[in-house]
Amino acid sequence: MICQECQQETATVHITKIINGRKTELHLCRRCAQAHDELDFSFEPQFSLHNLLGSLLGESMRGSREALGKAKVQCPSCDLTFAQFSQIGRLGCSDCFSSFDEQLAPLLRRIHGSSRHTGKVPHRSQGAVRFARELERMREEMRLAVQKEEFEEAARLRDEIKTLEQTITKGEQQ
């Protein structure tokens, strides 16, 4: 396809606009596309782990005195503060995990859905681990049901947990 502007080079940039339900297409070569005001070819990726963590932490760090107190928490081993971590997006040492545990737990839950790493399971040991994870999930559901005062649901989960534990025990004895 030939560029619609210069009518000389091959069109490598294709622009589609839909304004008020009306579709317009424009096919341009690179040189003509750079001349258009609405296009910016000096694109630098804005996504990085640093930017992601900074934006996630920034929301929780704004405003309150409690948040400011959390920002001043410091790792005793490497002297990194939580505020510095939120700026650079990297922990300084392995002790930072325990030093910033209270601040990292909500962040990890938001990013991963859990603050506990479960990892992958080797195929041959999958059964036992699957049962253990199922038990853990059911216990958490039961705890939440009790907290919501849904006692019938909690009792049902308790019975399922007992049945699953008996199944596991029978499997270990064989």
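Up top you'll find the structure we're talking about.
These numbers come from a predicted model, not from an experiment.

Colleague: Could you clarify how one ought to interpret the overall build of the chain in this entry?
Modeller: Secondary structure assignment for the chain yields eight helices and two strands. Starting at the N terminus and ending at the C terminus, the chain contains elements arranged as β-β-α-α-α-α-α-α-α-α. Burial statistics for the chain: of 174 residues in total, 22% are counted as buried. For the chain, the proportion of contacts with a sequence separation of at least 24, taken over those separated by at least 6, is 31%.

Colleague: Help me understand the pattern of salt bridges in this model?
Modeller: It is possible for side chains bearing opposite charge to pair when their charged atoms get close. With the rule as written, the count across this model stands at nine salt bridges. For E140, the salt bridge identified is with R143, shortest N-O distance 2.6 Å. Taken together, the positions of E140 and R143, both in helix α7 (residues 126-147) and three residues apart, correspond to about one turn of that helix. Residue class for E140 comes out partly exposed when judged on its relative accessible area of 35%. In this structure R143 comes out as partly exposed when scored by relative accessible area, which is 42%. Taken together, the shared-partner salt bridges in this structure form one network comprising E134, R137 and E141.

Colleague: Help me understand the pairing of strand β2 (residues 22-28) in this model?
Modeller: Consecutive side chains of a regular strand alternate in pointing toward one face of the sheet and then the other. In this sheet, β2 lies alongside strand β1 (residues 13-19) in antiparallel orientation, the contact comprising seven bridges. Residue pairing in the sheet places I18 in a bridge with K23 of β2. The hairpin turn running from β1 into β2, its antiparallel successor, is two residues long, and N20 in that turn takes a positive phi close to 55°.

Colleague: Would you take a moment to explain unusual backbone geometry for this structure?
Modeller: Negative phi values dominate among residues other than glycine, just as trans dominates among peptide bonds. Even without being glycine, Q7 reaches a positive phi, approximately 60°. Judged by relative accessible area, which is 54%, Q7 ranks as exposed. Of note, D79 is a non-glycine position whose phi angle comes to about 65°, a positive value. Given the relative accessible area of 48%, D79 is considered partly exposed.

Colleague: Please explain the side chain of H27 as it appears in this structure.
Modeller: As for its placement among the helices and strands, H27 is situated in strand β2. Among the polar contacts made by the side chain of H27, one reaches the side chain of H14 at a distance of 2.6 Å. The contact partners of H27, leaving out residues within four places of it in the chain, are M1, I2, C3, Q4, A11, V13 and H14.

Colleague: What exactly am I supposed to notice about the packing of aromatic side chains here?
Modeller: Geometry of an aromatic ring pair is reported as the spacing of the ring centres plus the angle between the planes. Per the counting criterion, the structure on display carries two aromatic pairs. Summarising the aromatic geometry, the rings of F82 and F85 are spaced 5.5 Å apart at their centres and angled 40° between planes, so their arrangement reads as tilted. Here F82 pairs with F85, and both are found in helix α4 (residues 82-88), just three residues apart, close to one helical turn. Classification of F82 as buried rests on a relative accessible area of 2%. When its relative accessible area of 4% is taken as the criterion, F85 is described as buried.

Colleague: I'm lost on the environment of E25 in this one. Help?
Modeller: Here E25 shows up in strand β2. Among the residues examined, E25 registers a relative accessible area of 43% and is labelled partly exposed. The spatial distance from the C-alpha of E25 to the C-alpha of I15 is 5.6 Å, given a sequence separation of 10 residues. Excluding residues that lie within four positions of it along the chain, E25 makes contacts with Q4, I15 and T16. Among the polar contacts made by the side chain of E25, one reaches the side chain of K23 at a distance of 3.4 Å.

Conventions used here
Residues numbered from 1 in each chain as written. Predicted model: local features only at pLDDT ≥ 70, side-chain atom pairs only at ≥ 80, totals over all residues. Heavy atoms only, no water. Helix = DSSP H or I, 4+ residues; strand = E, 2+ residues; numbered from the N terminus. Buried < 20%, exposed > 50% of the residue type's maximum accessible area, 1.4 Å probe, protein only. Contact = heavy atoms within 4.5 Å. Salt bridge = Lys/Arg side-chain N within 4 Å of Asp/Glu carboxyl O. Pairing = 2+ DSSP bridges. Polar contact = N/O pair within 3.5 Å; in protein donor to acceptor, adjacent residues only side chain to side chain. Phe/Tyr/Trp six-rings, centres within 6.5 Å; stacked < 30°, edge-to-face > 60°.

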